[in-house]
Amino acid sequence: QRGGAVAKRWEWPPWCLNFKSPCIEVWVLDEDTEKGRWVEAEPQSRVVDKNNRDAYLCAEYNWDGEYYVQDFGPQHVRRRGHKETVLEMFERAHSGGDDLEQTMLAPGRKRNDQGGGVAHLLED
């Protein structure tokens, strides 16, 4: 947590979970070339931590003609055609610490969050 601030609970915005009309891009890093790029993806499911809180988004994407399924943190998901990631959206909406930073750490890390969801602030 930054500056001792109380962590905020977060949720994937509804548009991230639009399975019928996918509208997300994910950041994929090519392990061979160590170069990455944003690619269109289709959400498959939300991945929650042991407290049933959003942690990752499982998405399928096409990389050079082959399909892959991978879990992505909010720093690697954005709305198609936009530059701002889900992480940046929440950071902008909530100054101070939040548990989004935890998604960049090893899965299963203990969370102390007792806050409320903020997805309603990001709906169109």
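Structure: see above.
Reading the values: the criteria
For every chain, the first residue of the written sequence is number 1, and numbering continues from 1 along that sequence. Predicted model: local features are reported for residues with pLDDT of at least 70 only, side-chain atom pairs are reported and counted for 80 or more only, and whole-chain, interface and lining totals are derived from all residues. Where side-chain values are given, they derive from all heavy atoms of the structure, hydrogens and water being excluded. Note on conventions: DSSP H or I runs of at least 4 residues are helices, E runs of at least 2 residues are strands, and numbering of each starts at the N terminus. To sort residues, take the accessible area from a 1.4 Å probe on protein chains only and compare it with the maximum for the residue type: under 20% means buried, over 50% means exposed, and anything in between is partly exposed. Here a polar contact is recorded for every N or O atom pair within 3.5 Å, except that within protein the pair must consist of a potential hydrogen donor and a potential acceptor, and residues adjacent in sequence are included only if both atoms are side-chain atoms. Note on contacts: a residue pair is in contact if any heavy atoms of the two residues lie within 4.5 Å. Think of a salt bridge as a Lys or Arg side-chain nitrogen and an Asp or Glu carboxyl oxygen that are within 4 Å of each other. Aromatic pairs are defined between Phe, Tyr and Trp rings, using the six-membered ring for Trp, whenever the two ring centres lie within 6.5 Å; interplanar angles under 30 degrees are classed as stacked, those over 60 as edge-to-face, and all others as tilted. Charge over a ring is defined by NZ of Lys or CZ of Arg lying within 6 Å of the ring centre and within 35 degrees of the ring normal.

A.B. asks: Tell me about the side chain of Arg78, residues and numbers included.
C.D. replies: Along the chain, the position of Arg78 falls in strand S5 (residues 77-79). In this structure Arg78 comes out as buried when scored by relative accessible area, which is 10%. Side-chain polar atoms of Arg78 contact the side chain of Glu25, separated by 2.6 Å. Of note is the side chain of Arg78, whose polar atom sits 3.0 Å from the backbone oxygen of His82. Arg78 has contacts with Trp15, Cys23, Ile24, Glu25, Trp38, Lys83, Glu84 and Thr85, leaving out every residue within four places of it along the chain.

A.B. asks: Let's hear about unusual backbone geometry: which residues, and what values?
C.D. replies: Outside of glycine, negative phi angles account for most residues, and trans bonds account for most peptide bonds. With phi around 65°, Asn52 is a residue other than glycine that occupies positive phi space. Of note in this structure, Asp64 is not a glycine but carries a positive phi near 50°. Within the fold, Asp64 resides in the loop between strand S3 (54-63) and strand S4 (66-72).

A.B. asks: Give a description of the pattern of salt bridges that names residues and reports values.
C.D. replies: A complete count under the given rule lists five salt bridges for this structure. Salt-bridge contacts for Arg37 lead to Asp64; the nearest nitrogen and oxygen are separated by 2.9 Å. Separated by 27 residues along the polypeptide, Arg37 in strand S2 (residues 36-48) and Asp64 in the loop between S3 and S4 bring together distant segments of the chain. When its relative accessible area of 35% is taken as the criterion, Arg37 is described as partly exposed. Overall, the relative accessible area of 56% leaves Asp64 in the exposed class. For the salt bridge of Arg80 with Glu40, the shortest nitrogen-to-oxygen distance reads 3.6 Å.

A.B. asks: Go over the packing of aromatic side chains with me, naming the residues and quoting the values.
C.D. replies: Per the counting criterion, the structure on display carries five aromatic pairs. Measuring from centroid to centroid gives 5.2 Å for Trp10 and Trp12, while their planes differ by 75°, and the two rings are edge-to-face. Each member of the pair, Trp10 as well as Trp12, is classed as buried. Ring plane angle 25° and centroid distance 5.8 Å describe the contact between Tyr61 and Tyr68, whose orientation is recorded as stacked. Here Tyr61 falls in the buried class, since its relative accessible area comes to 5%. Each residue in the set Trp10, Trp12 and Phe90 is aromatic and connected to the rest through ring pairs, giving one cluster. Above the ring of Trp63, the side-chain terminus of Arg37 is found at 3.8 Å from the ring centroid.

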